[in-house]
Every structure is written in structure tokens, then in C-alpha cells.
Amino acid sequence: MSDTILRAGIVGGGIGRLHAPGYRKNPGSELVAFCDIDTARVAAFGDEFGIPLEGRYTDYRQMLAAAKLDVVSICLPNYLHAEVTTAALESGAHVICEKPMATHVADAQRMIAAAESANRRLIVCYNYRYRADTQWMKRVIDAGTLGDVHHVNASWRRETGIPGRGWFGSKALSGGGALIDLGVHALDLTMWLMGFPKVQTVSGETHTLFGQHGLKTWGRAPGAVIDPPFDVDDNAVGFIRFGNGANAVLQATWAEHRTPGDDMLRIEVQGTRGTVILTIPNYRHDDTLRLYTEIEGEPVTITPSLRAPGTSQGHERLISDSIDAIRAGTLAPSDGAQGLAAVRVLEAMYQSAAARKEISLD
């Protein structure tokens, strides 16, 4: 492993707050720069995470030109991921980009090309892979405990959870709604747990049912119109056929009529010898797993008790592991190719919903 301490920077202080601890706690990195267009946020963020005054910026171009960074976290609205990631790679920095990697396949491909040209790492922040329960699921599946996986049912559903402010409700800024925001996590977990099988065909259906009326939003009174105009999906469902004969159903909703306050991520993986189900209501970490199988001809339910269930959503570990991988020259937790795989499926689902037909990716 290299003895070099990596100089790190973060662009964007929203989700960027979850990246900072990973850099600060890894002895192989030093958080020296931060950029945000909000001057008050720059000051507060810098003070909280000990960033020197000369490392605080409101223009990412100035930061990339002056700070001599080795690695940069891109934590911006979706439509800016490709632009800022490419600039950071061209400056000579490795990049850890928030999900989704990009809003379009062409942008994701351009980001990968920039990383290859600069000989830098491009890592996509899929933090849910770093939960203790999802890590256990991965080990169970890889060990063959479930037999041959033939179906996955993955969903993230909220009773009330439409972002009432900011860029999330604008297709031009976000690339989509619940599907690209929540669905990307469920989709990535599905493909990661399955070992990234080849995708053959994709179908999708999207609806905008509540947001345009100002209903079921966070931070606004019912009926208060969202500004800018809400033009993304708040309900979506998709179907994926894989080349190995397996299939998956994906559902993502920001809003629906169900138990008040319900906010649930659920991944069910069915195999020929067993089924494992992850259920995460309202971001909890305990009692989230069930394994169903048969022993001696009788059905058995197994409830794992994880020794270290954890209390975070995985950002800190992902950042720290990424730093270790960059310094050691080993495989990164999730590279640009895996980020592109999710963007391809999501784009195809939106195309399918618009054209009302199945889309082939074979």
C-alpha cells in the first residue's frame, strides 16, 4: 500500500455531510477542501469538519485548480454528476460520485471514458451495500445457500415522502423521480446480490399521482404547489429479464396510501433451496432479515442475529474502503461499470414507460 496520504475534497454539502467522516477517520486520507454555492453552508461545513480557510470554495473549478486533490466526492444534483465528475477526473483526482451515477447512459459512458483517459478511479456511492444485513445476504447467496436464484422482488415504498423543496421534483435536474431516487438503491442491491447477470429486456410503468397536486410531500402543507413544477414520477414499477433465466420486479414510490409514516426498503431473493428477505422499515438496523428453507422435509424460518448490526447507512465505510482501494491499487467497492449498469436499466424503464413496450438491452 502507498504511504501517500490522499488529499480529499467534497463538492456539495447535502449528502456530502455523510462522506466527510469516512475521509476524516481513515488515516490514509485528509479532508482539505469543500465546495458549495451556499457561503453559509461552506463556513458551517468547514468549521464542523476542520477544513482550513484556504480550502473553502464556492466554485468547484477553482477548487480543482488550486487544491491539488487526490480524490473528490461529487454530492450534487443528478444532472451535474457527469459535468463535475469529468472535470475532477481531468484535474487528476479519483472520484467518488453519489448515486445515480448519471441521468443518461451517454453521460455515464462519458464519465467512464474520462476516468480511463486520466487513469483515475471512478467509484459510485452505493452505500446500502455496506449495511451489516445486506453484507450477510450477499455472503449467503454467494455461498449457494439459496441454490439457484430465479426471482428477486425489490422495492422502496413510502407512504408520504415526496421531496417538497429543491431539485428532486424537476426532471431536468433530477432525471426522474421515485424510480431514479429510491429505485436505484433497490436496483443496485438486486444486481449486486445476483452477481450482475446480463440484462436482456426491461419493462417499466411510471405515474405522477400526488406530487403535481402538492400532496404527500415533506416540508409543505397538503395542497401547497411545489415549485419548480413537479414533472417526475412519484410511483414506478418495472420488470427485468436476465440472461441467466432469472427475473426481477422493481417498485419505487414516494407516495401511496398505506400505513401512516411507513418508509420501507424490501428485497426478497428467491432460490431453488431457500428465500432470504430483507425488510428495513424506517431505516432500522435490527431484526431485518428472514431466511426460509426446508430441513429434513419440513419448512424452517431462520432469524439471524447479527453480531454488529450497525447504526449507519454505510457511507463512512464505503468512503474508507474506497480510500484503501485507491492507495493499495485493489478493486474498488463499486466502479463506473456497475454504476452504468443501473443507469442502463433505469433509462430503459423510463423509455418503456413512455413507449409502453418492452425494451431490449441484449
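As a reminder, the structure under discussion sits directly above these lines.
All values reported here derive from a predicted model rather than from experimental measurement. All residue numbers refer to position in the chain's written sequence, counted from 1. The predicted nature of this model means local features are confined to residues of pLDDT at least 70 and side-chain atom pairs, given and counted, to a pLDDT of 80 or more, with totals for whole chains, interfaces and linings taken over all residues. Side-chain metrics rest on all non-hydrogen atoms present in the structure, leaving aside hydrogens and water.

Angles here are taken between N-to-C directions and fall from 0 to 180 degrees, while the axes themselves are lines fitted to C-alpha atoms, restricted in helices to the stretch in contact. Put simply, DSSP H or I for four residues or longer makes a helix, DSSP E for two residues or longer makes a strand, and each gets a number counted from the N terminus. Orientation of helix H1 (residues 16-25) relative to helix H10 (residues 315-328), taken along the N-to-C sense of each, is 45°, at an axis distance of 7 Å. What the angle tells us is that H1 and H10 run oblique. Here the hand of the crossing between H1 and H10 comes out right-handed. Along the contact surface, H1 presents Leu18, His19, Pro21, Gly22, Tyr23 and Lys25, while H10 presents His315, Glu316, Ile319, Ser320 and Ile323. Under this scheme an angle from 65 to 115 degrees is roughly perpendicular, one under 35 degrees roughly parallel, and one over 145 degrees roughly antiparallel; angles in between are oblique. In a left-handed crossing the near helix is turned counterclockwise from the far helix by less than a right angle, and in a right-handed crossing that turn is clockwise. Any pair of residues with heavy atoms lying within 4.5 Å of one another is described as a contacting pair.

Attention now goes to the nonpolar core. We call a set of buried residues a nonpolar core when its members are Ala, Val, Leu, Ile, Met, Phe, Trp, Tyr or Cys and they connect through side-chain atoms within 4.5 Å of each other. For every residue, the accessible area obtained with a 1.4 Å probe (protein chains only) is divided by the maximum for its type, and the residue is called buried under 20%, exposed over 50%, and partly exposed between those limits. Core analysis: the largest hydrophobic core is formed by 87 residues, its most contacted members being Val11, Met63, Val72, Met137, Ile267 and Val269. Here this core gets nine residues from one element, more than from any other, and that element is helix H11 (residues 336-355). Setting aside anything within four residues of it in sequence, one finds methionine 63 in contact with Ile10, Val11, Ala33, Phe34, Cys35, Tyr57, Leu69 and Val72. Of all hydrophobic cores here, the second largest spans 21 residues; its members include Leu6, Ala8, Ile10 and Ile326.

Okay, the pairing of strand S14 (residues 275-281) next. With respect to burial, S14 is a largely interior element, five of its seven residues being buried. By definition, two strands form a pair when at least two bridges between them are found by DSSP. Relative to S14, strand S13 (residues 263-271) runs antiparallel, the two sharing seven bridges. Looking at S14, one finds that methionine 264 is bridged to proline 281. Taken together, S13 and the strand that follows it, S14, pair antiparallel across an intervening segment of three residues. Where S14 and strand S15 (residues 289-295) come together, four bridges link them in antiparallel fashion. Note on S15: the bridge partner recorded for isoleucine 277 is arginine 290.

Moving on, we get to helix H5 (residues 105-118). Helix length check: H5 (14 residues) gives 20 Å between terminal C-alpha atoms against 20 Å at 1.5 Å per residue, within 8%. Taken as a whole, H5 has its buried residues at Val105, Ala108, Met111, Ile112, Ala114 and Ala115. In this structure, the buried residues of H5 make contact with helix H4 (81-90), strand S5 (94-98), strand S6 (122-125) and H11. Positive phi shows up at asparagine 119, right after H5, with a value of about 55°. Here, expected helix span is obtained from the residue count minus one, scaled by 1.5 Å.

For cysteine 75, the location among the structural elements is in the loop between strand S4 (71-74) and H4. For cysteine 75, a relative accessible area of 7% corresponds to the buried category. Between the C-alpha atoms of cysteine 75 and threonine 279, which are 204 residues apart in sequence, the distance is 27 Å. If we skip the residues at most four places from it in the chain, cysteine 75 touches Ile10, Val11, Gly12, Ile15, Gly16, His19 and Glu98.

Here we take up the environment of serine 312. Its place among the elements puts serine 312 in the loop between strand S16 (298-302) and H10. Residue classification places serine 312 among the partly exposed residues on the basis of a relative accessible area of 42%. Note: C-alpha distance between serine 312 and tyrosine 130 (182 residues apart in sequence) is 8.9 Å. If sequence neighbours within four positions are ignored, serine 312 has contacts with Arg131 and His285.

A separate point is the packing of aromatic side chains. Whether two aromatic rings pair depends on their centres lying within 6.5 Å, for rings of Phe, Tyr and Trp, where Trp uses its six-membered ring; planes under 30 degrees apart make the pair stacked, over 60 edge-to-face, and the rest tilted. Scanning the entire structure with this criterion turns up six aromatic pairs. Between phenylalanine 45 and phenylalanine 49, the aromatic rings sit 4.7 Å apart at their centres with planes inclined by 50°, giving tilted as the arrangement. Assessed through its relative accessible area of 8%, phenylalanine 49 is described here as buried. Geometrically, the ring pair formed by tyrosine 128 and tryptophan 156 is edge-to-face, given 5.5 Å between the ring centres and 70° between the ring planes. With tyrosine 128 in the loop between S6 and helix H6 (132-142) and tryptophan 156 in strand S7 (residues 149-158), this residue pair connects regions lying 28 residues apart in the sequence.

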